[in-house]
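What follows is the residue order along each chain.
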Amino acid sequence: MATGYVISVLGGKGGLGKSTFAVNYSIATSIDSKSKVLLVDLDPKACGDLGMLLGLKPKRTLLELGSHEGKFDPNSLQNYVAVHPSGIHYLPSVLEPEQIGSLDPSHVGKGLSLLTGFYNYIIVDLGSDIDPLTVKALENSSLIYVLTLPEILVLHHTRRIIEKVQNLLFPPEMIKLVVNRFSATKGISPQMIQGNLKKPVLGVIPEDELTTVNSMTKAQPFIVGAPRTEITKSYFFLVRNIQQQQILEKLSQLKKPSDAISRL
C-alpha cells in the first residue's frame, strides 16, 4: 500500500493558469518518478476545467467517495477514477457546480485519507478562496503551492491568501511559491517576488502562450504534446527539485493543525 503525499495548489486569484499547472505538474510527476499520481479537482468555481484539459469525462466524484461505506480496495477505486493516457488518474470533487453544496469537509478528509493508501502523490487543485473544504484539504497536505504571476496586483492578492493560510496556524514552511507566465523582458523578477512575499520561489514557469493554447485546443497537456519546449522543461525541473531536496519528506514531519476550520 502506498502512503501518498498530498500536494495542494492554491491561486492568489482566479485566472492565473492554476488548473493548467495542476494538470501538467501531475503528469510531470508521474513520468519523472514513475509512480502512481492522482489529480483531484476541488476548485468549486472552475468545476470541470481539469476534465476538459485532460479530455476526460469522469463518472464518479470525491463527494461519492467520501460517502463510501464498507471495504475499499483497488477494485472499488477503479469505479471512481478516470484514467488519462499519460498514466495519471483523475477524480473531480463534483460533476456539476450546484453539487458543491452537498460536499462537506468530512467527505474531503475521508476521501483523501482513503486515497493516500493507493497513490504516491495526490495533487489537489484548490480554488483561490479559503473555505472549509479548502482548509480540510490543507490539513491533509504536506506541501502547499501558491501560484502567482509577476504582476503587482496579483502579488497583492497572493500575499492575502498566504496570510489567510498562516493565520489558520499552518506551518509557514509548507507554503512554496510558483511564478507562472514569467518573461525575462517584462514583469517582476523571481528574486523580487521572493523578497516581496517573504516565501521561497520553488518554480518559475516561462510564458508560452502558443504552446499553452495549442495544448488546451487539443485537450492534450503540453508535458505530453510538447516535450521539448522550455515550459515543459521547467515542470520537470520543479519536480526534480522537490525530490532532490527531499522537500516532501521533510514537510510531512511538520505538525499541522487538525481544527483549522474552527478558526475561519
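K.L.:
Before we go on, may I ask you to explain the side chain of Ser86 in this structure?
P.N.:
Mapped onto the fold, Ser86 is located in the loop between strand S3 (82–83) and strand S4 (89–92). Reaching out from Ser86, the side chain makes a polar contact with the side chain of His84 at a distance of 2.8 Å. Excluding residues that lie within four positions of it along the chain, Ser86 makes contacts with Ile27, Ser30 and Val224.

K.L.:
Mind showing me how you'd approach the nonpolar core here?
P.N.:
What tends to happen in soluble globular proteins is that the nonpolar side chains get buried as a cluster. One finds Leu10, Leu115, Ile122 and Val124 to be the most contacted residues of the largest nonpolar core, which totals 47 residues. Sequence-distant contacts of Val124, that is, excluding residues within four places in its chain, are made with Val6, Ile7, Ser8, Val9, Val40, Leu42, Leu112 and Ala137. Core analysis: the second largest hydrophobic core is formed by 40 residues, Ile205, Tyr235, Val239 and Ile242 among them.

K.L.:
What am I meant to see in the packing of aromatic side chains here?
P.N.:
Each aromatic ring pair is specified by the distance between its two centres and by the angle formed by the two planes. Counted by the stated rule, this structure contains eight aromatic pairs. Taken together, a centroid distance of 5.6 Å and an interplanar angle of 35° make the contact between Phe21 and Tyr235 tilted. Here Tyr235 lies in helix H11 (residues 230–244) and Phe21 lies in helix H1 (residues 18–33), a separation of 214 residues in the sequence. With respect to class, Phe21 is no different from Tyr235; both count as buried. Ring geometry for Phe222 against Tyr235: centres 5.6 Å apart, planes inclined by 65°, an arrangement best described as edge-to-face. Within this pair, whereas Phe222 is found in helix H10 (residues 222–225), its partner Tyr235 is found in helix H11, the two being separated by 13 residues in sequence. Grouping residues by exposure puts Phe222 and Tyr235 together as buried. In textbook terms, an aromatic cluster arises when at least three aromatic residues are bridged by ring pairs, as seen for Phe21, Tyr25, Tyr145, Phe222 and Tyr235. Lying over the aromatic face of Tyr80, Arg60 brings its terminal NZ or CZ to 4.3 Å of the ring centre.

K.L.:
What am I meant to see in the sheet that holds strand S5 (residues 121–126) here?
P.N.:
Within a sheet, each strand pairs with its neighbour through backbone hydrogen bonds, oriented either parallel or antiparallel. Strand order in this open sheet of eight strands is S3-S4-S2-S5-S1-S6-S7-S8, and the pairing throughout is mixed. Taken across any chain shown, the strands that pair with only one partner, and hence form the sheet edges, are S3 and strand S8 (201–206). Of the strand pairs in this sheet, strand S7 (residues 175–182) and S8 are connected by four bridges, and their pairing is parallel. Bridging from a neighbouring strand, Val178 pairs with Gly203 of S8.

Cut-offs and rules
Residues numbered from 1 in each chain as written. Predicted model: local features only at pLDDT ≥ 70, side-chain atom pairs only at ≥ 80, totals over all residues. Heavy atoms only, no water. Helix = DSSP H or I, 4+ residues; strand = E, 2+ residues; numbered from the N terminus. Polar contact = N/O pair within 3.5 Å; in protein donor to acceptor, adjacent residues only side chain to side chain. Contact = heavy atoms within 4.5 Å. Core = buried A, V, L, I, M, F, W, Y, C linked by side-chain atoms within 4.5 Å. Buried < 20%, exposed > 50% of the residue type's maximum accessible area, 1.4 Å probe, protein only. Phe/Tyr/Trp six-rings, centres within 6.5 Å; stacked < 30°, edge-to-face > 60°. Lys NZ or Arg CZ within 6 Å of the ring centre and 35° of its normal. Pairing = 2+ DSSP bridges.

None of this, on its own, says anything about what the molecule does.
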